[in-house]
Every structure is written in C-alpha cells, then in structure tokens.
Amino acid sequence: MSVIITGAASGLGAALTNEFLEKQQKVIGLDRFWPEVSEESESLTKPEQGNLIKIAADLANHETFPALIETLTNHEPVEALIHNAAISATGPFEAIPASSHQQLIDVNFTAPLLLTKRLIATGALKKGSSIVFIASLSVHVGYPGALSYAASKAGLANYAKSLRKALKKDGIHVMTVYPGPMKTAQASRHAPNDAKEESRMPPQNAAQAILTAMKKKKSSFIPGTTNKVFALAGKAAPSLLDKAMRKIIYDKLEKPVYENKIENENKTPNQ
Amino acid sequence: MKKYIENANICLTGGTDGIGLCLARELSTKGANLLVIGRRPRTETQLPDNIAYHAIDLSTDTCTAEIAQKISNMGWRHLDFLIHNAGLGYVGALDQQTDQSIKDILNVNLTAPLIITNALFPLLQKKHGTLCLIGSTAKGRSTPDFAVYTASKTALSDMARNLRTEWREKIDVQEINPGPTKTSFHAKSGLKNPPMAFLFMKPQEVAQEIGHLLETGKKEKNFTVFSLLYFAMKRFLKKGQK
Ligand SMILES: NC(=O)c1ccc[n+]([C@@H]2O[C@H](COP(=O)([O-])OP(=O)(O)OC[C@H]3O[C@@H](n4cnc5c(N)ncnc54)[C@H](OP(=O)(O)O)[C@@H]3O)[C@@H](O)[C@H]2O)c1
C-alpha cells in the first residue's frame, strides 16, 4: 500500500508518515522544506530512501502543480491521499497583512482542492482508497484570533462533505479529521502565551487514532475525548463557545504571528 | 443599534448584475453615498449616473489597493457599510472543473472579502460601521455538483462567526444568506435551467430585504424555503389583486 501525505516533514504529517512507514507502507511525502532535498535539484524527487519518497513542493505556488501531478502519477496509484499541510496566522484579523491571509487561503484551501481534482481526474487513486482532509476543531468551536485559518478549515471540511457524496460511486472513501491543539512546533508558535504544553495531544497519538479511523472508513473523526466534548458543546451552544474562545485564546494572544511571502520572512516570536 | 442608509458611506461589490444591481438602486434611492465595485467597464453597466463606480476584477491581487485608493479619492474618511456581494459559482462534475474556475471562485467569494475587509478596517472602525457578507443558504450542505462554491460560502460564514467574536465592540458583522434567486448567476455558473425556478425569489425582493436588514443590524439572515414560499405567496396575492 502507498499513501500521499502533504506537509509530511513535520508535526502531524511527520507522525502520520512514521506510522505508515512502521507498517511497511510506502509514503510519498510532500513538503516545502525537506532538509535533504536541495532547492537546485533538477528533478523533484530524490532516489527512494527506504519506503519514503520525499518531494519538495510549495503548495502556495499553484503554477508548479501540473509538474507535481506528473511526478505523482509516475508512481503506482495510491491507497490514500492525506491533505495535512497547512499554515497558520494568529493575531487580530486586522493586524495580519492581507497578503498573509491570501497566502494562507492559497495553501490551506485552494491547493488541496486543486490537487484533489487533478489526482481524481488522472486516476491516481485506487478504487477503495481514502482521501483524508485534516481540518481543525475550530470548525466546531470557533477560533477568534485565527480568522483566515479557521475559514480555510471550515471550507475544507465542507468540500470534503460534497466530495464524499460525489466519489461514493467510485468507491473512494472521504474522511475529515478535526484535531484539537497538538504538541507540535507550529502549534506552540501560534498558541496563546499561557497555553500548557502538556494539555496538548502528542501528534503520534493523533496519527495512530487517524489510521484506525481510516481503517474503519469513518466519515469524520475528532481525536481525543476532551476535543469530542468541546465539539459537542460547540454544536449545542455556539455563542457560549465563542465567548469562551475569546477569553481563552483571542484576549491572550501576545502579538501577531504569520508568514508573509511578500515580506519574505518568517515571523515568529523568537525573531 | 438602529442604523441609517441615508447619507451613509457604502461600498458594495458586485453591483453590476442580479442582487447587487438591485441593491445598488435600492440603497441609492434611500439616499446612500454609494461606491459600487464590479469587473465590467462602466458603459456596460445599467447603473444610474449618480452612483460612483470602479471597475476592477476581484480575483486579482491588486484589487484591495485600488479600492482603498478609490475610496480615498472620493474623500471618504470613514465607511458605514462594506457589503461583499460579488460572487460566482460553477455547476458540474467535480473533476471537470478547470483550475481557473476553482481559483476564481475561492478568490472572489472568499479571499477578496478577507483582504478588502482587512484593508478597509480603519475606515470601518472609525464610526462603528457594518461589515455585511452575502453568503448562501447552501453553506454547510453537501453539494457534489457545486462543491467549491458551497465550500467558499461555508468558509465565508466561518469568517463572519469569528470576526463577530473578534470585533465585538468595534464593528458589526452581518451575514445574509440568500436562497435561490432569479438572476443570471445560475446561467453564468453553467446551469441553464435550474429546477423549481418558479419558486425563486426575485433579486428586487432580496435587495429590498437586505436594505432593511442593514438598518436593523440583524446578525444573520437565512432566506430559507419558508422565505421562498412566503415571497412566492406575496407575489401570487399581488397578481390576484390586479
Ligand atoms: N442567485 C442565487 O440564487 C443566489 C443564491 C444564494 C446566494 N447568492 C449570492 O448572492 C450574491 C449575488 O449573486 P447574484 O445572484 O446577484 O449573481 P449575479 O447576478 O451573477 O451577480 C454577481 C455580481 O458579482 C460580480 N462579479 C463576479 N465575479 C467578479 C469578479 N471577478 N470581479 C468583480 N465582480 C465580480 C458580477 O459581475 P458581472 O456582472 O460582470 O458578472 C455581478 O455584479 C453572490 O455572492 C451569490 O453567491 C446568489
């Protein structure tokens, strides 16, 4: 079995990659930064290293997608496609530059839609395969202070819902995952100052749970009991959650953290 | 808090056709200072001469800067209402949709409202203005024939939700979701004969309602099946009276 994972080099993507590799499955991993792949390398792929094929791809750069799809379809059709790559931008909406919001939508929302469509159209997915969208718990509980991020995830989750119906006849399974806070580098960059590391889920645990959910062909999955409870509360009393989220997150964000292709710098609190 | 259209500075996108064109007329009649944004040249619009207009394609990166510039040229120091109404769709098989169509829908329906709102925030904040997002009752539903459109409107609705939490004391955020409306929207999306079209609301009816809602400041309005039936009945009764 083989699987395509976007954003495979770090965080949840790396944890998912490891889970599949441990099960002796082949992973075609896409990421912006694969330490070993030099930017000058002529072909996109490096020779196989064990069962992991690393492909350098910037999901913000949609012009490169035709070539990327060609590379991906040179391999055997896959059993799973996991849309995991995402960037975040936290802070008051107006304190984040417009170009960062735009870049975020391009990466988190437009890119998975473009890739999905092309991979389906080219028959890169086997019958019986799974397409997994990593959304966010924010879809259920709200996320003031990460406006475009939350919007991208809400849109993605809804797209998955339509895709599920469309692909039923082809026997392709579509699952949406709504993870809560995880113990990843990205999450701690964007978390409020007082956030407790230990209360966040290790990405390994989330990855294992996601693999099980895939096997069970679930249509939606929320890793972790606390997160499930929060999601239920969010559905039952959204405005109550909005108030709580404003207190827990928005009011506590110290300063905006975002990426900006145009300013060409990676703003993090340590810089 | 009651708000007034009369003498208000209003920027409206997509005011060259359908609901937007009717809304432009409605707001202008009510005495608003209006700036309409659309992609066609002025000569190809049916806008009355007294309405200011700026042509810019909202799927381009430069649209925000141009709109901000235009507003400043008009001498506006604040904005009372910013209405994101421009929108487009695609109806058809998911794997047949072109890349360009996917990008255009997300750019116009979601990214443009995000970046224009972002740029105009200072003007909106000045006098506690209103941000109005025109979504769709399709939001949140499973719609395999127009998946990208519905996803864009679902994301827009999420934007309204979280922005409302963020801007609690600063700017009102309104989400208005029309149901099926008799405009050229469907034909432009590739759907020639939409089913149940006799039940569709007229763009004038929707525009009138929006004009009213802007003044009441209602947070969210969904033109559900019940609204459609209600308006169909009103039309029917009116005919009977003639
Ligand atoms: N009609 C319905 O059944 C329905 C139902 C629910 C929600 N809605 C929503 O209501 C809003 C108005 O729809 P409508 O029915 O009035 O559609 P419409 O008649 O097609 O009008 C859409 C407006 O948006 C403009 N527009 C589209 N793409 C643009 C771009 N790239 N740059 C600048 N302007 C652009 C159009 O310009 P052109 O005149 O040049 O095309 C037009 O002025 C949309 O957001 C739509 O999603 C409609």
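Residues numbered from 1 in each chain as written. Chains lettered and ligands numbered in written order. Predicted model: local features only at pLDDT ≥ 70, side-chain atom pairs only at ≥ 80, totals over all residues. Heavy atoms only, no water.

Colleague: Looking at this structure, I do not really get the packing of helix α3 (residues 98-121) of chain A against helix α5 (residues 147-167) of chain A. What am I missing?
Modeller: Any two packed helices are characterised by the angle at which their axes cross and by the distance between the axes. Residues and elements named next belong to chain A. Remark: α3 packs on α5, axes separated minimally by 9 Å, with the N-to-C direction vectors making an angle of 15°. Looking at the two axes, α3 sits roughly parallel to α5. Two packed elements cross with a definite hand, and for α3 against α5 that hand is right-handed. Within the contact between the two elements, α3 uses H101, L104, I105, N108, F109, P112, L113, T116 and I120 and α5 uses S148, Y149, S152, G155, L156, Y159, L163 and L167. Of the residues contributing to the contact of α3 with α5, the split by class is eleven nonpolar, six polar and no charged. (Axes fitted to C-alpha atoms, helices over the stretch in contact; angles between N-to-C directions. Helix = DSSP H or I, 4+ residues; strand = E, 2+ residues; numbered from the N terminus. Parallel < 35°, antiparallel > 145°, perpendicular 65-115°, else oblique. Left-handed = near helix turned anticlockwise from the far one by under 90°. Contact = heavy atoms within 4.5 Å. Nonpolar A, V, L, I, M, F, W, Y, C, P; charged D, E, K, R; others polar.)

Colleague: Which parts of the structure should I look at to understand the site of the ligand?
Modeller: Residues and elements named next belong to chain B. In the vicinity of the ligand lie 28 residues, with T16, Y149, T181, T183 and K188 positioned nearest. G14 has a polar backbone atom sitting 3.1 Å from an oxygen atom of the ligand. For the ligand, an oxygen atom lies 2.7 Å from a polar atom in the side chain of K188. In isolation the ligand has 880 Å² of accessible area, and contact with the protein removes 97% of it. Contributing elements (two or more residues each) for the shell around the ligand: α1 (18-29), α4 (147-166) and α5 (185-188). For the shell around the ligand, the leading source of residues is α5, giving three residues. Residue composition of the shell around the ligand, by class: ten nonpolar, twelve polar and six charged. (Near = heavy atom within 4 Å. Polar contact = N/O pair within 3.5 Å; in protein donor to acceptor, adjacent residues only side chain to side chain. Areas by Shrake-Rupley, 256 points an atom, 1.4 Å probe, with all protein chains shown as cover.)

Colleague: What is the right way to look at the interface of chain B and chain A in this model?
Modeller: Where the parts come together, the accessible area they lose is often given as the size of the interface. The interface is formed by 40 residues belonging to chain B together with 48 residues belonging to chain A. Counting the surface lost from both chain B and chain A, the interface buries some 3700 Å², and carbon and sulfur atoms represent 59% of this. On the chain B side of the contact with chain A, N118, R161 and E166 of chain B bury the most area, a combined 19% of that side's loss. Scanning the region where chain B abuts chain A turns up five salt bridges. A salt bridge links R246 of chain A to E169 of chain B, with the shortest nitrogen-to-oxygen separation between them at 3.4 Å. At the boundary of chain B with chain A, the tally comes to 25 residue pairs in polar contact (both at pLDDT 80 or more). Looking at the side of chain B that touches chain A, the elements that each hand over two or more residues are α3 (99-126) and α4 of chain B. Considering each element in turn, the side of chain B that touches chain A owes the most residues, 14 residues, to α4 of chain B. Across the side of chain B that touches chain A, the residue classes tally to 15 nonpolar, 14 polar and eleven charged. (Buried area = accessible area lost by both parts, 1.4 Å probe. Salt bridge = Lys/Arg side-chain N within 4 Å of Asp/Glu carboxyl O.)

Colleague: I keep staring at the pairing of strand β1 (residues 2-6) of chain A and nothing clicks. Help me out?
Modeller: Where a strand is regular, its side chains alternate between the two sheet faces. All names here are of chain A. Most of β1 is tucked away, with five of its five residues classed as buried. Bridge count for β1 against strand β2 (residues 26-31) is five bridges, and the pairing is parallel. Bridge pairing in β2 places T6 opposite L30. Read as a crossover between parallel neighbours, the route from β1 over helix α1 (residues 11-22) to β2 is right-handed. (Buried < 20%, exposed > 50% of the residue type's maximum accessible area, 1.4 Å probe, protein only. Pairing = 2+ DSSP bridges. Right-handed = clockwise from strand over helix to strand, strands pointing away.)

Colleague: When you look at the packing of aromatic side chains in this model, what are you seeing that I'm missing?
Modeller: Two descriptors summarise a pair of aromatic rings, namely the distance from one centre to the other and the angle between the planes of the rings. One pass over the structure, following the stated rule, counts seven aromatic pairs over all chains. When the ring of F121 of chain B is compared with that of W167 of chain B, the centres are 5.4 Å apart and the planes differ by 40°; the resulting orientation is tilted. Within this pair, whereas F121 of chain B is found in helix α3, its partner W167 of chain B is found in the loop between α4 and β6 (172-177), the two being separated by 46 residues in sequence. Taken together through their ring pairs, the aromatic side chains of F93 of chain A together with F121 and W167 of chain B make up a single cluster. Across the ring face of F223 of chain B, the terminal group of K221 of chain B is positioned such that the distance to the ring centre comes to 5.1 Å. (Phe/Tyr/Trp six-rings, centres within 6.5 Å; stacked < 30°, edge-to-face > 60°. Lys NZ or Arg CZ within 6 Å of the ring centre and 35° of its normal.)

Colleague: I keep staring at the pattern of salt bridges and nothing clicks. Help me out?
Modeller: Oppositely charged side chains can pair when the atoms bearing their charge come close. Summed over all chains, the structure comprises 19 salt bridges over all chains. Between E220 of chain B and K139 of chain B there is a salt bridge, with its nearest N and O atoms 3.2 Å apart. Of this pair, E220 of chain B sits in strand β7 (residues 220-222) while K139 of chain B sits in the loop between β5 (130-134) and α4, and the two are 81 residues apart along the sequence. Exposure remark for K139 of chain B: the relative accessible area of 24% places this residue in the partly exposed category. Taken together, the shared-partner salt bridges connect R246 and D251 of chain A together with R168 and E169 of chain B into one network.

Colleague: In this structure, what is going on with the sheet that holds strand β5 (residues 125-134) of chain A? I would like to understand it.
Modeller: Adjacent strands of a sheet pair through backbone hydrogen bonds, lying either parallel or antiparallel. Residue and element names in this part refer to chain A. On the basis of which strands lie adjacent, the open sheet formed by seven strands has the order β3-β2-β1-β4-β5-β6-β7 and parallel pairing. Both outer strands of the open sheet, β3 (52-56) and β7 (220-221), are each paired with one neighbouring strand and no more. Across three bridges, the pairing between β1 and strand β4 (residues 78-83) is parallel. Bridge pairing in β4 places I5 opposite I82. Contacts from α3 reach β1, β4 and β5 within the one sheet, and its direction differs from that of β5 by about 180°.

Colleague: Explanation requested: unusual backbone geometry in the structure shown.
Modeller: For residues besides glycine, phi is generally negative; the peptide bonds are generally trans as well. All names here are of chain B. Phi is positive for H128, close to 50°, though the residue is something other than glycine. One can find H128 in the loop between α3 and β5. Taking relative accessible area as the criterion, H128 reaches 25% and is therefore assigned partly exposed.

These results come straight from atomic positions and should not be treated as a statement about function.
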